[in-house]
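Chain by chain, the residues:
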Amino acid sequence: MALPANNTQWPPTAWATPLADMRRWEAWWTGDPQKLAKAYANDTESGFEDVIGTRANGKLVRRWFHGRKTNTNAPASSRHDLHVPIASDLCATSADLLYSQPPTIQTGHETTDQRISEYFTNGLADTLLEGAETGAALGGRYMRVTWDPAISAMPFLTTVDADHAIPVFRWGRLVAVTFWTTLETDSTTVWRHFEHHELDANGRGIVSHALYSGTATSVGTSRPLTEHPATVGLANSVDDHQQATEGITPGLLVAYIPNITPQRRWRHIPQARMLGRSDLDGQEPLMDALDEVYTSWMRDIRLGKARILADANMLEQTSDGQTVFNLDREVFTPLEGLAGTMRDTVPIQAQQFAIRVAEHQQTAVDLIHRIIRGARYSTSTFGDVQDSDITATEVKAREKTTMTTRDRKIRIETTALQQLVSKMLTIDQTVFNTPGLQHGGVKVTFPDMEDASPADLANTAATMRSAQLLSLQTGVEMIHPDWDTTQVADEVQRLLDAQPLASPDQWQPGKVTDDGENEEEDTTNK
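Residues numbered from 1 in each chain as written. Predicted model: local features only at pLDDT ≥ 70, side-chain atom pairs only at ≥ 80, totals over all residues. Heavy atoms only, no water.

Peer 1: Would you explain the overall build of the chain in this entry?
Peer 2: Of the regular secondary structure elements, the chain holds 13 helices and 19 strands. Looking at the chain residue by residue over its 526 residues, the buried ones come to 38%. Pairs at least 24 residues apart make up 60% of the contacts formed inside the chain by residues separated by at least 6 positions. Of the roughly 30,100 Å² of accessible surface on the chain, a fraction of 51% belongs to carbon and sulfur atoms. (Helix = DSSP H or I, 4+ residues; strand = E, 2+ residues; numbered from the N terminus. Buried < 20%, exposed > 50% of the residue type's maximum accessible area, 1.4 Å probe, protein only. Contact = heavy atoms within 4.5 Å. Areas by Shrake-Rupley, 256 points an atom, 1.4 Å probe, with all protein chains shown as cover.)

Next comes the structure, spelled out in structure tokens:
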């Protein structure tokens, strides 16, 4: 789709279901109980009546903890609902597994590799980490090659969240996308900035910008870019209603990176079936139950507080007219006329309800494990295994599910990163006139998830060396994977200088004979 026509409904009706799902995932990810209550209370598909049953249309109705009805006078904000941030833990862990240690991006060309390292210095790794967490929550994200000479002397990446984009795919490949940003909202007017990416007839990326003044459900009418401070810098003298960047390099300036595929929930929605799957997809009922368990647990604690029930006659009058019971008073003076009351009842009683700690804890732990497994991670990834003296092999065995999920995501990330970095290099050449760059042959390598301990590496290297299956240089590289070639070469030389020869028949200008004389090697007949 191109930029929307005036008075177009927004967001488009065809995208209502995916965007509604993303709003719910966003509520879980941000962890705001008010957002969760609002997101589920207005859901007409699932229903939030207080009992389980069926509607007249035959659809199943179930009760959700978030969004449940209490009474007409008690809003959700008055409830003591708790939220366990397991959704944010899942998304943050997903991003950390990919980008807590930045990948290595190289081309084998010295000048180009140096420029790529400058991209990292300029914040590339942080942008990728941030985007990966957003993508894990919403099912994917858009990474956009951006440049602004006023703030940076090189191109850089920016992230656009999936719930503010309308994409167009062809044969599973992104060919166009429209981003929108809500700039300002008042009681009647909503200002939106639209950014549309597409390919021209020559396959080069074009970017168009426009400003609209509308309502909550309509884009309204196109307005000059100069009418809002956020878009003034985009206006040009040719057309103040729309600014377009002509295609200057092949391919789109944006790439869509799905979190993981396939997208099961929207597979029957043609325009959305190529989007990715959220780590939270399908975990909502379990997360809802987990919040209910913890809220019940805390309710037990509140109700379990020790309370003293005292006869009204045991209360004292304060100077401001209130009646209080003094817990620190040790002697109470009997009052005249209360002999019957004191005799027939206990004037002071202690009350404390039981707190069902074990039941709540076991239920919560089981739900947490099911949520983690449902998101295709190992429970040990989240610290549930307490053993510390284990080998790297044992760690990998326990992390097998997590490593499999990470590998699937890495394959998606690698392809997108190669495309994006190549695009950054071409923009660097075209816009910033940076000389000597080669944008082809970009290679992306992600580090191993679990690094073996130094002892494990040393044992492996020693075993392979003794079997003559490992050179000294390769052994140094194995022990120090973060060293560059110069550091490795220096260490190899130091080892050669420090170690005595393993055999007197190794390197010598002449072999030492039995009488101690050096015998020059005869090579004439060899």
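After that view, the rundown keeps rolling.
Peer 1: Help me understand helix H12 (residues 472-479), please; the structure alone is not making it clear to me.
Peer 2: Side chains of residues three or four places apart in an α-helix project in the same direction, reflecting 3.6 residues per turn. Here H12 has its buried residues at Leu472, Gly475 and Val476. On an axial view of H12, the arc spanned by its buried residues comes to 100°, and they lie on one face. (Arc of directions from axis to C-beta.)

Peer 1: I keep staring at the pattern of salt bridges and nothing clicks. Help me out?
Peer 2: Pairing is possible between side chains of opposite charge, provided their charged atoms come close. By the definition in use, this model includes 14 salt bridges. One salt bridge connects Arg24 with Asp21, and the closest N-O pair in it is separated by 2.5 Å. In this pair, Arg24 and Asp21 are both assigned in helix H1 (residues 16-30), three residues apart and thus about one turn of the helix distant. On the basis of relative accessibility, which here comes to 15%, the residue Arg24 falls in the buried class. A salt bridge links Asp281 to Arg265, with the shortest nitrogen-to-oxygen separation between them at 2.7 Å. Here Arg265 lies in the loop between strand E12 (254-258) and helix H6 (284-303) and Asp281 lies in the loop between E12 and H6, a separation of 16 residues in the sequence. The class for Arg265 is partly exposed, based on a relative accessible area of 34%. Salt bridges sharing common partners tie together Asp21, Arg24, Arg265, Asp281 and Glu284. (Salt bridge = Lys/Arg side-chain N within 4 Å of Asp/Glu carboxyl O.)

Peer 1: I would appreciate a short explanation of unusual backbone geometry in the present structure.
Peer 2: What is expected of a backbone is that most residues other than glycine have negative phi and most peptide bonds are trans. Here Trp10 and Pro11 are connected by a cis peptide whose omega angle stands at -5°. In this fold, Pro11 is placed in the segment before H1. Cis peptide bonds are those with omega within 30 degrees of zero, and the linkage from Thr261 to Pro262 qualifies with 5°. Take Pro262: it is sitting in the loop between E12 and H6. Notably, Trp171 is not glycine yet its phi reads approximately 55°, a positive angle.

Peer 1: Which parts of the structure should I look at to understand the packing of aromatic side chains?
Peer 2: Any pair of aromatic rings gets described here by the distance separating the centres and the angle formed by the planes. Within this structure, the stated rule accounts for twelve aromatic pairs. Ring geometry for Trp28 against Tyr40: centres 6.0 Å apart, planes inclined by 65°, an arrangement best described as edge-to-face. Residue Trp28 is found in helix H1, and its partner Tyr40 is found in helix H2 (residues 33-41); the two are separated by twelve residues along the sequence. Accessibility classification places Trp28 together with Tyr40 in one group, the buried group. Residues Tyr99 and Phe446 carry aromatic rings whose centres are separated by 5.6 Å and whose planes lie at 55° to one another, so their mutual orientation is tilted. Of this pair, Tyr99 sits in helix H3 (residues 86-99) while Phe446 sits in the loop between strand E17 (443-445) and helix H11 (454-466), placing them 347 residues apart in sequence. Residues Tyr99 and Phe446 agree in their burial class; the two are buried. (Phe/Tyr/Trp six-rings, centres within 6.5 Å; stacked < 30°, edge-to-face > 60°.)

Peer 1: So what exactly am I meant to see when it comes to the pairing of strand E4 (residues 140-146) here?
Peer 2: Remember that side chains alternate between the two faces of the sheet whenever the strand is regular. The buried count for E4 comes to seven of seven residues, which makes it a mostly enclosed element. Alternating residues of E4 divide into Gly140, Tyr142, Arg144 and Thr146 and Arg141, Met143 and Val145, and every residue in both groups is buried. Inspection of the sheet shows E4 paired to E12 by five bridges, in the antiparallel sense. Residue pairing in the sheet places Arg141 in a bridge with Ile257 of E12. As paired elements, E4 and strand E5 (residues 156-161) share six bridges and run antiparallel to each other. Residue pairing for E5: Val145 is matched across the bridge by Leu157. (Pairing = 2+ DSSP bridges.)

Peer 1: What is the right way to read the side chain of Ser152 from this model?
Peer 2: Turning to its location among the elements, Ser152 is positioned in the loop between E4 and E5. One polar contact links Ser152 to Asn122, side chain to side chain, over a distance of 3.3 Å. What Ser152 contacts, discounting residues up to four positions off in sequence, is Asn122 and Phe432. (Polar contact = N/O pair within 3.5 Å; in protein donor to acceptor, adjacent residues only side chain to side chain.)

Peer 1: It is not clear to me how the packing of H1 against H2 should be interpreted in this structure. Could you clarify?
Peer 2: To describe two helices that pack against each other, one gives the angle between their axes and the distance between the axes. Taken N-terminus to C-terminus, the directions of H1 and H2 make an angle of 160°; their axes are 8 Å apart at the nearest point. By the angle class used here, H1 and H2 are roughly antiparallel. The interaxial crossing formed by H1 with H2 has left-handed handedness. In this structure, H1 uses Arg24, Glu26, Ala27, Trp28 and Thr30 to contact H2, whose residues at the interface are Lys35, Leu36, Ala39 and Tyr40. (Axes fitted to C-alpha atoms, helices over the stretch in contact; angles between N-to-C directions. Parallel < 35°, antiparallel > 145°, perpendicular 65-115°, else oblique. Left-handed = near helix turned anticlockwise from the far one by under 90°.)

Peer 1: Sorry if this is basic, but what is going on with the sheet that holds E4 here?
Peer 2: Across a sheet, strands are paired by hydrogen bonds formed along the backbone, either parallel or antiparallel in direction. Taken in spatial order, the three strands make up an open sheet running E5-E4-E12, and their pairing is antiparallel. Edge positions in the sheet fall to E5 and E12, since each of these pairs with one other strand and no more. Taking the axes of each pair of neighbouring strands and ignoring which way they run, one obtains an average angle of 30° across the sheet. Where helix H5 (residues 124-138) meets the sheet, its contacts fall on E4 and E5, and the angle it forms with E4 comes to roughly 150°.

Peer 1: So what exactly am I meant to see when it comes to the packing of H3 against H5 here?
Peer 2: At their nearest, the axes of H3 and H5 sit 8 Å apart, and the two run at 140° to each other. What the angle tells us is that H3 and H5 run oblique. Taken as a pair, H3 and H5 cross one another with a handedness that is right-handed. Of the residues in H5, those touching H3 at Cys91, Ala92, Ser94, Ala95, Asp96, Leu98 and Tyr99 are Leu128, Leu129, Ala132, Glu133, Ala136 and Ala137.

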